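One letter stands for each residue in the lines below.
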Amino acid sequence: MTEESRPGTLLVIGSGLKVYREYLVAPIRRRALAAGLEMVLVNNLKPTWQREYFDEIAVANVFDTEALNAAAREVAARRRIVGLMCWDEPLVLDAGLLAAEFGVPGLSVPGVRGCRDKQRTRAELTAAGLHQPGFALTTTVAQAKAAAARIGYPVVLKPRAMGASIGVVFAADEAELETAFRIALSASEVDPGPYRASAIVEGYAPGPEISVDGAVHKGEYLPMFVARKHSSDEPYFEEVGHLVDAADPLMQDRELMDTLARAHRALGIEDGITHSEIRLTDRGPLVIEINGRLGGDLIPFLGRTATGIEPGEVLFDVATGQRPDTRPTRRAVAGIRFGYPERDCLLKKVTVPAEAPGLVAAAPMAEPGTVLRLPPGGYLARHSFVVCEAVDTRTCSDRLDAAAALVELEAEPIGPPRADAPFAMPAGLLDVDE
């Protein structure tokens, strides 16, 4: 059998949890079957729900670059790879480099490095003349203090390469800086990649925060939907909910869309889907970061519910070199609300509503026995989520309030972590089949 006669294969790096990502995999599988393509998954867990969607599953430690590369290259040696997908933040860099190695559409080497490395993002966007805060990469408290004095307070400290606002801390003045630096640096050490053990200090930009999920085809930026972000109070910026309105006027905001297009060009992003986070400041849109993947927190699910755009199909198109159709086919509003405990606790039981006005989905997010710690002892201490839809934003927000109030939590309060305890991600995140 010649190379050209072998069936084409779509290679997927990491599946994610069922509750967060199955809604993406199902339409990708449908498109692959229609195109006569096979699908292979390289994943770190033994397959369960994934079996339904993939022709082959290779189990490897995908968080180890050498192990991931070896597994992917072994697949490529006996299959004709025509596309590569990845939507898991810690794996985006390695996946992007593999796409370039295999000669299939991808973010590009400069593009994926610019997305994954927040320091490089700032440098590239600043050099391109885009509105950006002052910033500095630091590895010591002394460096952080000097940078903050130069930039001017208040500042934000964050790991060089993490997601979900993990380790992002606000410091109003020098008295708060040392603790903020320690928290950001500790969070950065969780990252298995090359950007660990460093923290970025940057000027704080006040204003509402949004995210925009969009596709990029041969360098052309194609926005899909805007999500309005709801975060916890300072000094931490944990994301507690999102709202997507198909009729959001920001989708027609020329300054915002021009800023996003310029930012993608500046980073050298060629093909893929990105999740951009932006502050709407009094000086105009400020790009906080551009992630080389679909949004987390079920934002693409909200986008699909509100607009009718199928993110999985868009991802299939850009991964296989086709220009996607990102025109909305629905006009609705969808939102998500995450449940957090009031204090650090040991989770005993969580019950989510089966019915509520406008309820689209609800699920536990942690297993009984999970320790949930709020910042700075831990992050993502979510016990549940609810998703609702409506015809307008006010009604959707009211429905989210009502649905969230129906969540029942049984938990045992626990004491604070030891002062010298290392930063830890919450254990026991629930994937019902794993």
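Below is a short write-up of the structure.

Glancing now at the pairing of strand 15 (residues 345-351). When strand 15 meets strand 17 (residues 371-372), the two strands line up antiparallel, connected through 2 bridges. By the bridge assignment for strand 17, Cys345 is matched with Leu372. Direction of pairing for strand 15 relative to strand 19 (residues 408-413): antiparallel, over a ladder of 6 bridges. Across the sheet, residue Thr351 finds its bridge partner in strand 19, namely Glu408.

Taken together, 3 strands build an open sheet; the order of strands is 17-15-19 and the sheet is antiparallel. For this open sheet the edge positions go to strand 17 and strand 19, each flanked by a neighbour on one side alone.

With 14 residues, helix 8 (residues 254-267) extends 20 Å between its outermost C-alpha atoms, agreeing within 8% with the 20 Å of an ideal straight helix rising 1.5 Å per residue. The residue sitting at the N-terminus of helix 8 and contributing the capping side-chain oxygen is Asp253; that oxygen lies 3.1 Å from the backbone nitrogen of Glu255. Gly268 sits one or two residues past helix 8 and shows a positive phi near 80 degrees.

Taking burial as the measure, the 7 residues of strand 18 (residues 384-390) include 6 buried ones, the bulk of the element. By the bridge criterion, 7 bridges tie strand 14 (residues 333-339) to strand 18 in an arrangement that is antiparallel. If you follow Ala334 over to strand 18, its bridge partner there is Glu389. Sheet topology places strand 16 (residues 359-364) next to strand 18; 5 bridges connect them, and they run antiparallel. Considered in strand 18, the bridge of Ala363 is made with Phe385.

Attention now goes to the packing of aromatic side chains. One pass over the full model with this rule turns up 3 aromatic pairs. Measuring from ring centre to ring centre gives 6.2 Å for Trp49 and Tyr53, while their planes differ by 70 degrees; the resulting arrangement is edge-to-face. Both residues of the pair, Trp49 and Tyr53, belong to the buried class. When the centroid spacing of 5.0 Å and the interplanar angle of 85 degrees are considered together, the rings of Phe170 and Tyr204 count as edge-to-face. Here Phe170 is found in strand 7 (residues 169-171), whereas its partner Tyr204 is found in the loop between strand 8 (199-203) and strand 9 (209-217), with 34 residues between them in sequence. Judged by its relative accessible area of 23%, Tyr204 falls in the partly exposed class. Sitting over the face of the ring of Phe338, Arg382 holds its NZ or CZ atom 3.7 Å from the ring centroid.

Calculation rules
Residues numbered from 1 in each chain as written. Predicted model: local features only at pLDDT ≥ 70, side-chain atom pairs only at ≥ 80, totals over all residues. Heavy atoms only, no water. Pairing = 2+ DSSP bridges. Helix = DSSP H or I, 4+ residues; strand = E, 2+ residues; numbered from the N terminus. Expected span 1.5 Å × (residues − 1). Polar contact = N/O pair within 3.5 Å; in protein donor to acceptor, adjacent residues only side chain to side chain. Buried < 20%, exposed > 50% of the residue type's maximum accessible area, 1.4 Å probe, protein only. Phe/Tyr/Trp six-rings, centres within 6.5 Å; stacked < 30°, edge-to-face > 60°. Lys NZ or Arg CZ within 6 Å of the ring centre and 35° of its normal.

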